[in-house]
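A closer look at the structure
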Number of protein chains: 2
Amino acid sequence: MDSSVRPYSQVYDTLRNVGLRPTRQRLGLARLLFDNGNRHVTAEQLHAEAANANLRVSLATIYNTLNQFTGAGLMREVVVEPGRSYFDTNTSDHHHFFHEDTAELQDIPGDAISVSAVPEPPAGTRVKRVDIIVRIKG
Amino acid sequence: MDSSVRPYSQVYDTLRNVGLRPTRQRLGLARLLFDNGNRHVTAEQLHAEAANANLRVSLATIYNTLNQFTGAGLMREVVVEPGRSYFDTNTSDHHHFFHEDTAELQDIPGDAISVSAVPEPPAGTRVKRVDIIVRIKG
DNA sequence: TTTCTTCTTTAAAATGATTCTAATCTGTTG
DNA sequence: CAACAGATTAGAATCATTTTAAAGAAGAAA
Ligand SMILES: [Mn+2]
Ligand SMILES: [Mn+2]
Ligand SMILES: [Zn+2]
Ligand SMILES: [Zn+2]
């Protein structure tokens, strides 16, 4: 588990497990995303971060990768504002504060909040997910 | 209260009250929006509906009007999908089912669902609104 | 009602996020 | 290594929304 000795091995295996080739770009992005705790990033943010980390990746690849990671269940998409999407490395059951001033997301652990008595979904439908967004301002 | 006698008077007063000139376009859109129970519409949907009702309004005016009505507190914006916004004529405290198949919103009355123990917002912030989206599929 | 001012509407262009295209490159497997 | 499938990328395209700036309509004053 010494990341200085096997720097890429964990994400490498993760990528293999979900059927994605461990390319230089995906490995680099996976490290940025998963090696630093839970993250909520937009494509542009991640692109800037990659550039900053000397990882050359096109914006198209950023989008491809975020969508692939999300499709593979490694991340999830959070929609709070019209116009742009956030991608969340925390795939466990949880909810969010959204800081309207700074446009930042912050986790609310799943057990710190809960919905009482969710009404029956309309006949013929089933609940896929319940999203709670607590919008806050300075 | 006979709408065939005073067809526009209610929305007319509403517009005056919020400081918006009662123009032909705003009056027509307000009738489409408010005279038929609660609605959840996208700009494109309302534009099509207006055309269908023989009301000539540009798409730019649709956007202007939806944003002005929202700013005036006559409607609110609901964000559930990346890429487009829904505008809701129901301004009371309530939440939503979102049908992922049909991309339609359906109200959940405020008293039919509630959040237990919303955690304290981070220091220096206050809660502006809590949005609950119950995502459902056929 | 005429005039004056301010607000509104609109076509068209601009913007911004995201996706697509199609050419080039790279990882994997034999 | 050879061959192929899959991945990356620059740039174009798309789509929702906003902006621009010119023309039109509403309200106030006279
Ligand atoms: Mn997506
Ligand atoms: Mn808006
Ligand atoms: Zn999260
Ligand atoms: Zn609603």
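What this report covers is the structure whose coordinates are included nearby. For clarity, every value in this text was computed on a predicted model and none was experimentally measured.

Summing up its helical and strand segments, chain A has four helices and seven strands in all. Seen along its three principal axes, the alpha-carbon backbone of chain A occupies a region of about 50 × 35 × 30 Å. Looking at chain A as a whole, 40% of its 138 residues qualify as buried. The contacts in chain A between residues at least 6 apart in sequence include a share of 42% that link residues at least 24 apart. Carbon and sulfur atoms form 46% of the exposed surface of chain A, whose accessible area is close to 7,400 Å².

Counting from both sides, the interface comprises 37 residues of chain B and, opposite them, 37 residues of chain A. Summed over both partners, the interface of chain B with chain A comes to about 2,900 Å²; 61% of that surface belongs to carbon and sulfur atoms. Of all residues in chain B, Val79(B), Arg135(B) and Lys137(B) bury the most surface against chain A, accounting for 18% of the area lost on that side. Here chain B and chain A share two salt bridges between them. A salt bridge links Asp131(B) to Arg135(A); the shortest N-O distance between them is 2.7 Å. For the interface between chain B and chain A, the tally reads 14 residue pairs in polar contact (both at pLDDT 80 or more). If you list the elements that add at least two residues to the side of chain B that touches chain A, you get β2 (76-81), β4 (94-99), β5 (104-109), β6 (114-116) and β7 (126-137) of chain B. With twelve residues, the top contributor of residues to the side of chain B that touches chain A is β7(B). Across the side of chain B that touches chain A, the residue classes break down as 19 nonpolar, eight polar and ten charged.

Right, let's talk about the protein's contact with DNA strand C for a bit. The immediate surroundings of DNA strand C are formed by 20 residues, with Tyr63(A), Thr23(B), Gln25(B), Arg26(B) and Thr61(B) found nearest. Counting only atoms of DNA strand C within 4 Å of the protein, the fraction found in sugar and phosphate groups is 82%. In the environment of DNA strand C, a phosphate oxygen lies 2.8 Å from a nitrogen or oxygen atom belonging to the backbone of Ser85(A). The backbone of Ser58(B) places a nitrogen or oxygen atom 3.0 Å from a phosphate oxygen of DNA strand C. The set of elements that each furnish at least two residues to the surface near DNA strand C consists of α4 (59-71) and β3 (84-88) of chain A together with α2 (24-34) and α4 (59-71) of chain B. The dominant element in the surface near DNA strand C, judged by the number of residues it contributes, is α4(A), at four residues. Residue classes in the surface near DNA strand C are distributed as six nonpolar, eight polar and six charged.

Cut-offs and rules
- Residues numbered from 1 in each chain as written.
- Chains lettered and ligands numbered in written order.
- Predicted model: local features only at pLDDT ≥ 70, side-chain atom pairs only at ≥ 80, totals over all residues.
- Heavy atoms only, no water.
- Helix = DSSP H or I, 4+ residues; strand = E, 2+ residues; numbered from the N terminus.
- Buried < 20%, exposed > 50% of the residue type's maximum accessible area, 1.4 Å probe, protein only.
- Contact = heavy atoms within 4.5 Å.
- Areas by Shrake-Rupley, 256 points an atom, 1.4 Å probe, with all protein chains shown as cover.
- Buried area = accessible area lost by both parts, 1.4 Å probe.
- Salt bridge = Lys/Arg side-chain N within 4 Å of Asp/Glu carboxyl O.
- Polar contact = N/O pair within 3.5 Å; in protein donor to acceptor, adjacent residues only side chain to side chain.
- Nonpolar A, V, L, I, M, F, W, Y, C, P; charged D, E, K, R; others polar.
- Near = heavy atom within 4 Å.

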